[in-house]
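Each chain, letter by letter, is given below.
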Amino acid sequence: MESIREIFPFHGGVHPPEMKELSNRTPIVNGPLPKRLVIPLQQSIGNPAKAVVSVGDLVLKGQAIAVDDGNVSVAVHAPTSGKIVAIDAQQVAHPSGLAEWCITIESDGRDEWIARERFDWKAALERGDAKSIRDYLQDMGVVGLGGAVFPSHLKLAGREALETLIINGAECEPYITCDDRLMRERAIEIVAGISIVRKLLNAKEVLIGVEDNKPEAVAALREALSNCGFAAEVVVVPTLYPSGGAKQLIKLLTNKEVPSGVRSTDMGVQCFNIATVYTIYAALELAEPVISRVVTLTGGVRKPGNVEALIGTPIDDLLEFAGLDTKPNCIYGGPMMGFTLPSTKVGLTKAGNCIIAMDAEQFPEKPREMPCIRCGECAVACPQELQPMDLYWFSRAKNFGKAQEWNLFDCIECGACAYVCPSSIQLVDYYRFAKSEIWEAERAKKSADLARERHEFKQFREEREKEEKAARLAAKAAPKPAATATAASAEEQAAADDKAAKIKAAMARAAAKKAEEGGAAPPASPNAEAKIPNFVSPEKAAKIKESMEKRAAEKAALDALTPEERAAREAERAAKIEAAKAAAAAKKAAAADTEGERASAGNAASDVAADTPAVEKPAIDPDKAAKIRAAMAAAAAKKAGTAVKEGGAAVETSAAPAEPAVTEPAVEAEKPAIDPEKAAKIRAAMAAAAAKKAAKEGGSPVASAQEPAEAAVVEATAEAEKPAIDPEKAAKIRAAMAAAAAKKSAKEGGAPVASAEAPVAPAVAESAAEAAKPAIDPEKAAKIREAMAAAAAKKAAKKAAEDEGKA
């Protein structure tokens, strides 16, 4: 049926070579099953989806691997079964060439579907739950496949009743034929999808705009619509680029121009792409998420055509599938609005409707840009009725504010201005640069606004906390009302009373328990009444009690006396005390007299004792005393001889004290008479030797050691029997001995020798004096003297012989 609907042309537009015949002659074929699929998480104009799988997970075809992150976002699904091998940032199909987060799946080759559960959208629609349908479409990842990838669930949430639903089948850009082939081959499914969308939007009118260069598609759609059961019209529009733009197609079909900043839904018109309608049908009727799309492979490939390829399929695999071994530069999208891919290793996205392998014949090198001559051809070709040359200057000068004033964002980047520019200026590239800078500035401004709001809220919160704290302190410092204080005191007193009652009750219970455990209560102590400690024995307690009673009676009697009687009593008591003191003093004096008499008697006794002669000590045995003296004399003689030999004065000092002790008992013994002749000889010999030695050595230490012994012998002899010695020699000997002693004392300081010698001479003299006394055995004494004299003579003779020999 021919369309009689009037067409309303839009402003501008161009008609470049279509180049559609390269790929629209063959039906759609399934694309290759790649070994690895790189699926970007950014599959819409909103936020990237959030991955819900991890590396190493096994997934099935159609399984959700990422969920939406916000309302302007959709889920992402696994295009095939396999294993998650990477979740990282990789280069994607974007003109910036920047990396974005992607999920890499290693295919297992089985292409196994997940269990699909069909959503009963009709029931939901009947009960008026359109939101669940929109949520389901969001979870199925349905977006606009015309190139903008705008989430479809947002376009379905419009007015209660839509005036006109427009299905965009224009596909105006050269080389692209995917929609054309889809309309030809899957018109029934498309019409089913249009029916669903029509019901969801409650559209009054459905218009399907198709360019007149797709007669097969128009025919297929009309045939499908003939049995669909709802009114829809296929409107054939002239082939003019960009008639496939939403605003341009709305203008063509409805003569409505959508102003800048106004949505078409506000004017009662909504527009959906043919491929988008098909995916809505597949999601709601077949429970198939958007995991593939029909893409046109054209340009310099050997097998151009349309392929239903899995999302994430590397472009290299698609080019190889199209018969291209070498990897030339490729245009992603159409030649008018597409961009050159940064790499052919990137994965296919939902926005990828066409891949054009560029060759030199079809895509010669662009001519060098020339200065703008302000010819105005760009303004004539602009379908948005903008001034492209002014936007160019503003963008180039980075005067972004001015560019916005001149409606830069109304530009649909169709490229018609650059196509007609005689200076070959790539105007769209400048517009994209200006838009990206403005978007970045907007993001920075939003961040700054958010930071400022947070800072202001922080200040507000701090001020509020200060006020609240001040209020609490004021309330705490304020005095409490009297009634409250009284009530509080009464409450405290009641609490104290209650506590005391509890304590008393507890004590009573404890006493009762103790009484039960210990039997009957012990009898009261007899001392309790008199306040006497219980440890006092009963007898003593009785005495104490009696004394206390007596004192109490005395106190009572004293209290009962008159002041005069009390004074008389005190005087009597004082007199008794004085009498007692006098008696004690007299007693003490008498005791002192008695003690003095005793002392006098004692002294008299001691005087008597002192006057009484001492009892005579018994006489010692004369024989024993003589033996002792003889032994002592022998020891002294022996020691003297040893001292003469060694010159050891110290030896004599040690032996000297022993003699007096032994001689004491013999004091009272009879003193024996010595042989005068022998004594004289001994003295003479000893004197001669001493004199000779003294003359020779001049008082050497040896002489000083010998002299005392000799002197002792001499004295002892002199004491024993006087004189029988030459007085002159004796005087010389004494003089020599005195001189030697003085010399020695002067030489050594006198102290050691004098102190050692001093006691020797008296001791020897004393012993000699005692020895001179009789009561010793005369025979033994004589023998001793003879031995001593012989020894001395022998020594003197030996000494003389040595002196003669030396001389």
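Residues numbered from 1 in each chain as written. Predicted model: local features only at pLDDT ≥ 70, side-chain atom pairs only at ≥ 80, totals over all residues. Heavy atoms only, no water.

A. Structural detail: the overall build of the chain. Looking only at helices and strands, the chain features 26 helices and 17 strands. Per-residue burial over the chain gives 38% buried out of 807 residues. Sequence-distant contacts, at least 24 apart, represent 74% of the contacts inside the chain between residues at least 6 apart. Element-wise, carbon and sulfur atoms account for 57% of the exposed surface of the chain, whose accessible area totals about 44800 Å². (Helix = DSSP H or I, 4+ residues; strand = E, 2+ residues; numbered from the N terminus. Buried < 20%, exposed > 50% of the residue type's maximum accessible area, 1.4 Å probe, protein only. Contact = heavy atoms within 4.5 Å. Areas by Shrake-Rupley, 256 points an atom, 1.4 Å probe, with all protein chains shown as cover.)

B. Summary view of the sheet that holds strand β11 (residues 233-237). With parallel pairing, the four strands of this open sheet are ordered in space as β11-β10-β9-β12. On the outer flanks of this sheet lie β11 and β12 (269-273), each paired with one strand and no other. Taken over all neighbouring pairs, the strand axes of this sheet differ in orientation by 25° on average, direction set aside. The sheet contact formed by strand β10 (residues 205-211) and β11 spans five bridges and is parallel. Considered in β11, the bridge of Val210 is made with Val236. Running at roughly 120° to strand β9 (residues 164-169), helix α7 (residues 246-254) makes contact with β9, β10, β11 and β12 of the sheet. (Pairing = 2+ DSSP bridges. Axes fitted to C-alpha atoms, helices over the stretch in contact; angles between N-to-C directions.)

C. Structural detail: the pattern of salt bridges. On inspection of all chains with the given rule, the structure shows 31 salt bridges. In this structure, Glu112 and Arg110 form a salt bridge, with 3.7 Å as the shortest nitrogen-oxygen distance. What makes Glu112 partly exposed here is its relative accessible area of 34%. (Salt bridge = Lys/Arg side-chain N within 4 Å of Asp/Glu carboxyl O.)

D. The arrangement of the packing of aromatic side chains in detail. Within the structure shown, the criterion is met by 10 aromatic pairs. Measuring from ring centre to ring centre gives 5.7 Å for Tyr332 and Phe339, while their planes differ by 55°; the resulting arrangement is tilted. Judged by its relative accessible area of 5%, Tyr332 is buried. By way of ring pairs, the aromatic residues Tyr392, Trp393 and Tyr430 are connected into one cluster. (Phe/Tyr/Trp six-rings, centres within 6.5 Å; stacked < 30°, edge-to-face > 60°.)

E. Empty space enclosed by the protein, seen in detail. Under the criterion given, the structure shown has seven cavities of 30 Å³ or more. Empty space within the second largest cavity amounts to approximately 90 Å³. The wall of the second largest cavity is formed by 13 residues, among which Cys372, Cys375, Cys378, Cys421 and Pro422 lie closest to the centre. Taken together, the residues that form the lining of the second largest cavity break down as nine nonpolar, two polar and two charged. (1 Å grid on protein atoms, 1.4 Å probe; cavity = no way out; pocket = protein on both sides within 12 Å on 5 of 7 lines; lining within 4 Å. Points joined across faces, edges and corners; volume = space filled by probe spheres on them. Nonpolar A, V, L, I, M, F, W, Y, C, P; charged D, E, K, R; others polar.)

F. The arrangement of the confidence of the model for the chain in detail. With 77% of its residues at a pLDDT of at least 70, the chain reaches an overall mean of 80. Contacts for the low-pLDDT stretch residues 601-619, under 50 throughout, to residues beyond four places or in other chains number zero contacts. Below pLDDT 50 for its whole length, residues 643-673 participates in 60 contacts with residues either more than four positions away or in separate chains. (pLDDT = per-residue confidence, 0-100.)

G. Examining the sheet that holds strand β6 (residues 76-77) more closely. As summarised here, the arrangement of the three strands in space is β3-β5-β6, forming an open sheet in which the pairing is antiparallel. Each edge of the sheet is formed by a strand with only one pairing partner; in this case those strands are β3 (50-51) and β6. Here strand β5 (residues 64-67) pairs with β6 via two bridges, running antiparallel. In the sheet register, Ala66 faces β6, and the bridge partner there is Val76.

H. Local environment of unusual backbone geometry. For the bond running from Tyr241 to Pro242, omega is 0°, close enough to zero to count as cis. Tracing the backbone shows Pro242 in the loop between β11 and α7. Positive phi values are uncommon outside glycine, yet Tyr175 reaches one of about 75°. In this fold, Tyr175 is placed in the loop between β9 and α4 (178-185). Positive phi, normally seen in glycine, also occurs at Asn407, with a value near 60°. Residue position: Asn407 is located in the loop between α12 (400-405) and α13 (416-420).

I. Spatial organisation of helix α11 (residues 388-396). Burial runs high along α11: seven of the nine residues are buried. Of the positions making up α11, those classed as buried are Pro388, Met389, Asp390, Leu391, Tyr392, Phe394 and Ser395. Looking at the packing, one finds that the buried side of α11 touches α10 (377-381), α12, α13 and α14 (427-477). In the segment just after α11, Lys398 is the residue with positive phi, at about 55°.

J. Region of the structure containing the nonpolar core. Counting 56 residues, the largest nonpolar core has Leu165, Ile167, Ile208 and Phe272 as the members making the most contacts within it. The greatest single-element share of this core, amounting to eight residues, is contributed by helix α5 (residues 187-201). Residue contacts for Phe272: discarding those within four places in its chain leaves Ser152, Lys155, Leu156, Leu165, Ile166, Ile167, Asn168, Val197, Leu201, Val277 and Ile280. Ala379, Cys421, Val428 and Tyr431 belong to the second-largest nonpolar core, a separate cluster that totals 20 residues. (Core = buried A, V, L, I, M, F, W, Y, C linked by side-chain atoms within 4.5 Å.)

K. Summary view of the state of the cysteines. Tallied over the entire structure, the rule returns zero disulfides. No disulfide involves Cys382; its sulfur sits 6.2 Å from the nearest other cysteine sulfur, which is in Cys414. Judged by relative accessible area, Cys382 falls into the buried class, the value being 9%. Here Cys421 stays free of any disulfide, with the sulfur of Cys375 as its closest cysteine sulfur at 6.2 Å. (Disulfide = S-S within 2.5 Å.)

L. Region of interest: helix α2 (residues 130-139). Every buried residue belonging to α2 is among Ser132, Ile133, Tyr136, Leu137 and Gln138, and all of these are buried. Residues of α2 that are buried sit in contact with α1 (121-126), α3 (152-155), α5 and α8 (274-286). Gly141 occupies a position one or two residues after α2 and carries a positive phi of about 75°.

M. Molecular detail of the packing of α4 against helix α6 (residues 215-225). Where α4 meets α6, the closest approach of the two axes is 7 Å, and the angle between their N-to-C directions is 35°. Note on packing geometry: the crossing formed by α4 with α6 is left-handed. When α4 is examined against α6, the residues Asp180, Met183 and Arg184 are found in contact with a partner set consisting of Glu216, Ala217, Ala220 and Leu221. Taken together, the residues that form the contact of α4 with α6 break down as four nonpolar, no polar and three charged. (Left-handed = near helix turned anticlockwise from the far one by under 90°.)

N. Spatial organisation of the environment of Ala115. For Ala115, the location among the structural elements is in the loop between β8 (99-107) and α1. Since its relative accessible area comes to 71%, Ala115 is described here as exposed. A sequence separation of 172 residues divides Ala115 from Ala287, and the C-alpha atoms of the two residues are 9.6 Å apart.

O. Quick peek at the side chain of Ser44. You can see Ser44 is positioned in the loop between β2 (36-40) and β3. For Ser44, a relative accessible area of 6% corresponds to the buried category. Only 3.3 Å separates the side chain of Ser44 from the backbone nitrogen of Gly46, close enough to count as a polar contact. Beyond its immediate sequence surroundings of up to four residues, Ser44 is in contact with Val72, Ser73, Val74, Val143, Val149 and Pro151. (Polar contact = N/O pair within 3.5 Å; in protein donor to acceptor, adjacent residues only side chain to side chain.)

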